[in-house]
Amino acid sequence: RDAKYDLETRFASGIVLEEFGAILYPEPPESAPENNGGISIEDDVRILFLSANPTTTSSLDLENEIRTLRRELKAVDYRDRIELIWAPAARPDDLIEILRSKRPNVLHFSGHGSKDGIFMRSASDDLVVVDAKPLRRALKDRGLKLVVLNSCFSESQGARLSDVATAVVGTTDAVRDVDAQQFSKAFYRTIGNGHSIQDAFRDAGDSIELEGGVDVFRSFGDLSLVLLKDNRGSACSN
């Protein structure tokens, strides 16, 4: 993934930052929510946004990406049923801990990568390359419905992860930072409005091209999957 910005982006107020910053939509209710309009509350989407920018790699504007995504998800039809869990400066063991404690059903990685794997931080904050084999082992049987590897040259890794989730997204080439951010914004907006992964994938690619970028994203698996729908199988009517 190619960097465009070197300046540090500061967050607007209201974003909760913890060791594994959990960002919820909306604030957790004091009591269990009612089942209004036939909506199944068991089908909420929990997105783990895993980001890493090791100090030995070029700077990426990952903070702006998560900030933009947070703002976008607050406006979608299914905003009350989306939980966004941000894990910045991620190390491999962070992934294991969050998979167990938060049980996300969507895994999104944003950061650098190569044909050898995604780039995360080591225990000493150096670069560690996580290839598809150990990543597949870590993700298998975790209940994931969607995996997105928003990093350079992740197509082959995505193909090898096709049995750990219903759908997987990777890239065929280097991806510009601005295009990676545009993909996240448009992709999850469409999912949050109750459309299929196929629709979200198309909207994201179209959005990148209309902004003058290059769409290098590729998908695997059952793209007809709709992550957010009521228990009658229809999309939200708001």
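Scroll up a little and you will see the structure.
Cut-offs applied
- Residues numbered from 1 in each chain as written.
- Predicted model: local features only at pLDDT ≥ 70, side-chain atom pairs only at ≥ 80, totals over all residues.
- Heavy atoms only, no water.
- Axes fitted to C-alpha atoms, helices over the stretch in contact; angles between N-to-C directions.
- Helix = DSSP H or I, 4+ residues; strand = E, 2+ residues; numbered from the N terminus.
- Left-handed = near helix turned anticlockwise from the far one by under 90°.
- Contact = heavy atoms within 4.5 Å.
- Nonpolar A, V, L, I, M, F, W, Y, C, P; charged D, E, K, R; others polar.
- Phe/Tyr/Trp six-rings, centres within 6.5 Å; stacked < 30°, edge-to-face > 60°.
- Buried < 20%, exposed > 50% of the residue type's maximum accessible area, 1.4 Å probe, protein only.
- Expected span 1.5 Å × (residues − 1).

With respect to the packing of helix 5 (residues 177–192) against helix 6 (residues 197–210)
What describes two packed helices is the angle between their axes and the distance between those same axes.
Right, so step 1: Where helix 5 meets helix 6, the closest approach of the two axes is 8 Å, and the angle between their N-to-C directions is 145 degrees. Our pair here, helix 5 against helix 6, has a crossing hand that is right-handed. Listed contacts from helix 6 to Asp179, Gln182, Phe183, Ala186, Phe187, Thr190 and Ile191 of helix 5 are Ile197, Asp199, Ala200, Phe201, Asp203, Ala204, Ser207 and Ile208.
Right, so step 2: A breakdown of the residues in the contact of helix 5 with helix 6 according to their chemical character gives nine nonpolar, three polar and three charged.

Focus: the packing of aromatic side chains
Right, so step 1: Taken as a whole and assessed by the stated rule, the structure comprises four aromatic pairs.
Right, so step 2: Ring plane angle 90 degrees and centroid distance 5.0 Å describe the contact between phenylalanine 187 and tyrosine 188, whose orientation is recorded as edge-to-face.
Right, so step 3: In this structure tyrosine 188 comes out as buried when scored by relative accessible area, which is 2%.
Right, so step 4: A connected cluster of aromatic rings, assembled from ring pairs, spans Phe183, Phe187, Tyr188, Phe201 and Phe217.

As for helix 5
Right, so step 1: In this model helix 5 runs 23 Å from its N-terminal to its C-terminal C-alpha over 16 residues, within 8% of the 22 Å that 1.5 Å per residue would give.
Right, so step 2: The buried fraction of helix 5 amounts to 13 of the 16 residues, a majority that puts the element mostly inside the structure.
Right, so step 3: One or two positions beyond helix 5, positive phi appears at glycine 194, with a value near 90 degrees.

Remember that the coordinates give geometry; whether it matters functionally is a separate question.
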